[in-house]
Amino acid sequence: MLRFISRRLLQSVFVMLAVSLLAFVLFRFVGDPIAQMVGQETSIEDQERLRDSMGLNDPVITQYTRFVTNLVTGEFGYSYRTRQPIGEMILDRMPATLELGAVSLLISLIVGIPAGIYTALRRDGFIANSLLIVTLIGVSVPTFVIGIFLIYVFGVQLGWLPTFGRGDVVALGWWKTGFLTLDSLRSLLLPALTLGIYQLTLTMRLVRSEMQEVLKTDYIKFATARGINKRTLHFNHALRNTLVPVVTIIGLQFGGIIAFSIVTESVYQWPGMGLLFLDSIRYVDIPVMSVYLVLIALMFVIINLIVDLLYFVIDPRVRLSSRGGSH
Amino acid sequence: MVTALKRYVLERELLYLFLNSKVAIIAAIIATLTIGSALLAPWIASTDPYDLKSFDLLDSLYAPAWTDEGDERFLLGTDDQGRDLLSAILYGTRLSLLVGVLSITFAGLLGVTTGLLAGYYGGWLDTIIMRIADVQLSLPAILTALLIDGIARGILPRESHDNLMIVVLTVAIGLSLWVNFARTARASTLVERNREYVQAAVIMGMHPIRIMFTQILPNIMGPIMVILTVDLAVAILLEATLSFLGVGVPPNQPSLGTLIRTGTEYLFSGEWWIVLFPSLMLIILIIAVNVLGDFLRDALNPRLR
């Protein structure tokens, strides 16, 4: 157990080092930082002095070490475009994205898992077939088209829900939450639905195919032959093994949700991290891009780590193979 | 490769299964129609949407021809620049397909080559390639594509942006999709490399590279074909998304995503057709490719039959 964990931790550190190296190369060599910071009228000597004082003439290794140290201590530098500290910009935007992501993940799981189980058990029923057609649409219709459609129907035609921004948020310290007022909850509904639909279809399709595979295994056939009642068979024996991969799905999905929130946030002008990242790409704001990259990678590494550890707890096979020392 | 494919088709009775699946046939017909009309766009379309002289700002925002405010010259109406929407959609589909096919080819070549190398040689080469793949797999494709797109914007001079955007998009989307190919090719190669025909080739003194591409590759084409189709849909979707977000193809050469982006600006004032028709085209295209991909996957997976 301890060996497994330390191995995974080491891997995570390796990934973060690789990503931070990429971010450093991006920050240091894509465009000239000095040219971005000063105007045309600054003399070459002044530029050189600035370059020296910022340590841009130091050996690359020293610069990289400093870059990593700064990141670890939370010194993220300043945006080229707004001149604000990046740490503050991201902290300001993070709650919006996390709340949006959490609600869409909830939607995708609460609807997706039962629908997946249902379609696996009733393979040729009318409802199952219609659900499958709906998932095909969910996978094929791009998130932004779903968003535009929802805006047109519920925002423009019916006028029921707001289609722009977060509404009235309540500040709890630095965390501005949208869960506490009716206005902000109404604003949350359409974006969360837009983001959730695609994930929902993914959950459903994966649960369905996992369940189908499990139902074909020998132990299920054997249990059927023994005459165990269908309900126990499906929900005790089959479902348990189906849900092991589902844990991974949830982990991966949260990553997907964070990534696709870029699109949703753009459609609804939702003031989250995705919109910040998109703006940084549009205006070639390299420092913001590289910090976003590191933070997102960190988020993903942590999620993957948690998923792996959960696997260890849930699936006895993983436990056995690690004890045997083969991996 | 063609003969290998043909053999594969016969072996697996793919054609038989295909002819017995109504959904697959319909999807294939729709895919052929959309792809065909897009390829023939220069001959079918009434105007050339890339040629500034061929359209007039005075014609802008006409509704579709069958509505009251329509004009019979423009079947699906016009956009904000006065372009015939039908022509713009045909050319846009062509551009979307072009970027999709180019990037998936790029991803396939890169992924299959690295996968073959990793699977055949094993050892440190395998470790390095698969570690990179793991790192990249933990980032969703759209994020990778956006990031590469952003880096390219930083490196390339501003003037050449518009001309190089197609290349940039191809590389960005291709680099975000190669991992699937690499992992599949590697897994299949690991199985194949212990087979007798590979050992025979080794004994005959064939060069490893030649063994990989002439002996192993034809035998692992099945799963790669599936990914090729499934990920083509993903590539088209990525291009549309990037263009919709305003970091894809430039507005003077609209792809489907760009058209939808322009359309949303007019949605609130009631000009619904600029959004609707390109979206429909995009959805039909992706559904058709997805259905074909699903069919291939099910047909090639003996466990599900």
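Fair warning: this is a prediction, and the values are worked out from it, not measured in the lab. (Residues numbered from 1 in each chain as written. Chains lettered and ligands numbered in written order. Predicted model: local features only at pLDDT ≥ 70, side-chain atom pairs only at ≥ 80, totals over all residues. Heavy atoms only, no water.)

With respect to the overall build of chain B
For clarity, the threshold we go by: Going along the chain from the N terminus, every DSSP run of H or I of four or more residues is numbered as a helix, and every run of E of two or more is numbered as a strand. Each residue is assigned to one of three classes by its accessible area relative to the maximum for its type, calculated with a 1.4 Å probe on protein chains only: buried under 20%, partly exposed between the two thresholds, exposed over 50%. Contacts: residue pairs with any heavy atoms within 4.5 Å of one another. For every accessible area listed, the method is Shrake-Rupley and the probe measures 1.4 Å; residues are considered covered only by the protein chains on display.
If you tally the helices and strands in chain B, you get 13 helices and zero strands. When the helices and strands of chain B are listed from N to C terminus, the series reads α-α-α-α-α-α-α-α-α-α-α-α-α. Here chain B holds 305 residues, and 51% of them are scored as buried. A separation threshold of at least 6 residues defines the contact pool for chain B, and within that pool the share at least 24 residues apart is 71%. Of the roughly 14300 Å² of accessible surface on chain B, 65% is carried by carbon and sulfur atoms.

Overview of the packing of helix α5 (residues 85-121) of chain B against helix α13 (residues 273-300) of chain B
The relative placement of two packed helices comes down to the angle between their axes together with the axis-to-axis distance. Residue and element names in this part refer to chain B. Put simply, the rule reads: Here, axes are lines fitted to C-alpha atoms. For helices the fit covers the stretch in contact, and angles between N-to-C directions go from 0 to 180 degrees. The hand of a helix crossing depends on one turn: near helix anticlockwise from the far one by less than a right angle means left-handed, and clockwise means right-handed. Classes in brief: Ala, Val, Leu, Ile, Met, Phe, Trp, Tyr, Cys and Pro nonpolar; Asp, Glu, Lys and Arg charged; the others, Gly included, polar.
Contact geometry of α5 with α13 gives a least axis separation of 11 Å together with a crossing angle of 35°. Both α5 and α13 take part in a crossing whose hand is right-handed. Facing α5, whose interface residues are L85, I89, T93 and L97, α13 presents W273, I274, F277, P278, M281 and L285. Among the residues making up the contact of α5 with α13, the classes are represented as nine nonpolar, one polar and no charged.

A look at the side chain of T93 of chain B
Residue and element names in this part refer to chain B. Checked against the element boundaries, T93 lands in helix α5. The exposure class assigned to T93 is buried, which follows from its relative accessible area of 0%. Setting aside its immediate chain neighbours within four residues, T93 contacts A38, L256, M281 and L285.

Description of a nonpolar patch on the surface
Residues and elements named next belong to chain A. Here is the rule we go by: Only residues whose relative accessible area exceeds 30% and that form no salt bridge enter a patch; like-charged residues are grouped when within 9 Å of one another, and nonpolar side chains (Val, Leu, Ile, Met, Phe, Trp, Tyr) when within 5 Å. Salt bridge, as used here, is a side-chain nitrogen of Lys or Arg placed within 4 Å of a carboxyl oxygen of Asp or Glu.
On the surface, a cluster of nonpolar side chains totalling about 500 Å² of accessible area is made up of L298, I302, I306, L310, V313 and I314. Examined against the element boundaries, I306 turns out to sit in helix α12 (residues 286-314). Classification of I306 as partly exposed rests on a relative accessible area of 47%.

A closer look at the confidence of the model for chain B
Residue and element names in this part refer to chain B. Test applied: Here pLDDT means the predictor's own confidence in every residue, given as a number from 0 to 100.
Chain-level pLDDT for chain B is 80 on average; 82% of the residues reach the 70-or-more range. Per-residue pLDDT, averaged within each element of chain B, yields its smallest value for helix α1 (residues 2-11) (59) and its largest for α5 (90). At the level of chain-chain contacts, confidence expressed as ipTM amounts to 0.76, with global pTM at 0.81.

Section: the environment of T264 of chain A
All names here are of chain A. Assignment of secondary structure puts T264 in helix α10 (residues 230-268). Since its relative accessible area comes to 0%, T264 is described here as buried. For the pair T264 and T194, spaced 70 residues apart in sequence, the C-alpha to C-alpha distance is 7.0 Å. If we ignore the near neighbours within four places in the chain, the residues touching T264 are T143, P191, T194 and L195.

Thoughts on unusual backbone geometry
The phi dihedral of Q269 of chain A falls on the positive side, at around 50°, and the residue is not glycine. Assignment of secondary structure puts Q269 of chain A in the loop between α10 and α11 (273-282).

A few points about the environment of F18 of chain B
Residues and elements named next belong to chain B. Inspection of the secondary structure assignment puts F18 in helix α2 (residues 14-19). When its relative accessible area of 22% is taken as the criterion, F18 is described as partly exposed. Measuring from C-alpha to C-alpha, the distance between F18 and E265 comes to 43 Å, with 247 residues separating the pair along the chain. Excluding residues that lie within four positions of it along the chain, F18 makes contacts with A24, I25, A28, L292 and F295.

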